[in-house]
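What follows is the residue order along each chain.
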Amino acid sequence: MEAPRLRKIDPQEKIQAVITTARRLFVEHGYHSVSIPMIVKESRVSTGAIYHHFDNKEQLARRIYDQTLSEFQEMLEQRLAGQGDVLSRLSAFGKLLVDVAQSDPEMMRYMLFLNHGEFLSSCPPICSSTPFRWVQETIRNGIADGVLRSEHPFVAAASFIGAILRTIELSYQGVITESLDTLISPILDHALRFIRA
């Protein structure tokens, strides 16, 4: 009788399992409380395999940071296709935040709650990353075009994004019990009201 063949796991699957598991553990326990042995146990990927791809926990954390922002940026670019005016583009960004909050709460919690500067000193805070700088630039352009009002584009961007993220946070805390997708219109209405001319 022939011995059963062991399924060989694709190295990319292993890496992704490690990244997904580590991101979840960082959110649940905080970066400093998570060890490589914890990641090994939860991901079921060996210590050797992890160290084959990542020199240390900080390098893994950097990969998670880069991949998370890259995924979010890609989703944003897809949402912006065909959105011409400033208000439609900002609304697409807001809807994306709400959709991610519901479909991938782990990703949203990672972006919302982790103090990345605490352990990734070379990385800008999430709020200074490419997608969020795009909001600032879009608002700056909207002010220049007279569609949006504010003397302070950065404060306007913080008001717009903050209204959405705070609502998501309150939902995660159970303060808001309605499904976020049923609240998307009032969320965007209030977020845009701060900055609309």
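None of these values were measured; they are calculated from a predicted model. (Residues numbered from 1 in each chain as written. Predicted model: local features only at pLDDT ≥ 70, side-chain atom pairs only at ≥ 80, totals over all residues. Heavy atoms only, no water.)

## Some words on the overall build of the protein
Working step 1: When its secondary structure is counted, the protein shows nine helices and zero strands.
Working step 2: Each helix and strand of the protein, placed in order from N terminus to C terminus, yields the pattern α-α-α-α-α-α-α-α-α.
Working step 3: Principal axes of the C-alpha set define a box for the protein whose edges measure 75 × 40 × 35 Å.
Working step 4: Within the protein, the proportion of its 197 residues that are buried is 41%.
Working step 5: Counted over contacts in the protein with a minimum sequence separation of 6, partners at least 24 positions apart contribute 69%.
Working step 6: Within the structure as shown, the protein displays about 11,000 Å² of accessible surface, and the carbon and sulfur contribution to it stands at 51%.
Working step 7: Charge-centre separation for the protein: the mean point of 21 positive side chains lies 3 Å from the mean point of 23 negative side chains. (Helix = DSSP H or I, 4+ residues; strand = E, 2+ residues; numbered from the N terminus. Buried < 20%, exposed > 50% of the residue type's maximum accessible area, 1.4 Å probe, protein only. Contact = heavy atoms within 4.5 Å. Areas by Shrake-Rupley, 256 points an atom, 1.4 Å probe, with all protein chains shown as cover. Lys, Arg positive; Asp, Glu negative; His and termini not counted. Charge placed at Lys NZ, Arg CZ, Asp CG, Glu CD.)

## Quick word on the nonpolar core
Working step 1: Ranked by internal contacts, the top residues of the largest apolar core, which has 63 residues, are L90, F93 and F160.
Working step 2: In contact with F93, not counting residues within four places along its chain, are F72, L76, P131, F132, W134, V135, F160 and I161. (Core = buried A, V, L, I, M, F, W, Y, C linked by side-chain atoms within 4.5 Å.)

## Re the packing of aromatic side chains
Working step 1: If you walk through the whole model with that rule in mind, you get five aromatic pairs.
Working step 2: Clustering of aromatic rings is evident, with ring pairs tying together F72, F93, F132 and W134.
Working step 3: The ring of Y31 carries K57 above its face, with NZ or CZ at 4.2 Å from the centroid.
Working step 4: One cation-aromatic arrangement involves R109 over Y172; the distance from NZ or CZ to the ring centre is 4.0 Å. (Phe/Tyr/Trp six-rings, centres within 6.5 Å; stacked < 30°, edge-to-face > 60°. Lys NZ or Arg CZ within 6 Å of the ring centre and 35° of its normal.)

## Points about helix α5 (residues 86-103)
Working step 1: Under the 1.5 Å per step criterion, the end-to-end length of α5 is 26 Å for 18 residues, consistent within 8% with the ideal 26 Å.
Working step 2: Within the sequence span of α5, burial applies to V86, L90, S91, A92, F93, G94, L96, L97, V98, V100 and A101.
Working step 3: Buried residues along α5 sit in contact with α4 (57-80), α6 (105-113), α7 (130-144), α8 (153-172) and α9 (184-193).
Working step 4: Measuring from the backbone nitrogen of L87 back to the side-chain oxygen at the start of α5 gives 3.2 Å, which picks out D85 as the cap. (Expected span 1.5 Å × (residues − 1). Polar contact = N/O pair within 3.5 Å; in protein donor to acceptor, adjacent residues only side chain to side chain.)

## So, α8
Working step 1: For α8, built from 20 residues, the straight-helix expectation of 28 Å at 1.5 Å per residue is met to within 8% by its first-to-last C-alpha distance of 28 Å.
Working step 2: Considering bend angle alone, the principal kink of α8 is centred on G162 and spans about 25°.
Working step 3: What α8 keeps buried is the set A156, A157, F160, I161, A163, I164, L165, T167, I168, S171 and Y172.
Working step 4: A positive phi of about 85° marks G174, the residue just after α8. (Bend = angle between axes of the 7 residues up to and from the residue.)

## Observations concerning the packing of helix α1 (residues 11-29) against α6
Working step 1: For the pair α1 and α6, the least separation of the axes is 9 Å and the interaxial angle reads 55°. When the axes of α1 and α6 are compared, the pair comes out oblique. Relative to α6, α1 is oriented so that their crossing is left-handed. When α1 is examined against α6, the residues T20, R23, R24 and V27 are found in contact with a partner set consisting of E106, M107, R109 and Y110.
Working step 2: Class assignment of the residues belonging to the contact of α1 with α6 gives a composition of three nonpolar, one polar and four charged. (Axes fitted to C-alpha atoms, helices over the stretch in contact; angles between N-to-C directions. Parallel < 35°, antiparallel > 145°, perpendicular 65-115°, else oblique. Left-handed = near helix turned anticlockwise from the far one by under 90°. Nonpolar A, V, L, I, M, F, W, Y, C, P; charged D, E, K, R; others polar.)

## Description of the pattern of salt bridges
Working step 1: Enumeration over the complete set of coordinates arrives at nine salt bridges.
Working step 2: With its nearest N and O atoms 2.9 Å apart, the salt bridge here joins R140 to E137. Of the two residues, R140 and E137 both sit in helix α7, three residues apart, roughly one turn of that helix.
Working step 3: Assessed through its relative accessible area of 37%, E137 is described here as partly exposed. (Salt bridge = Lys/Arg side-chain N within 4 Å of Asp/Glu carboxyl O.)

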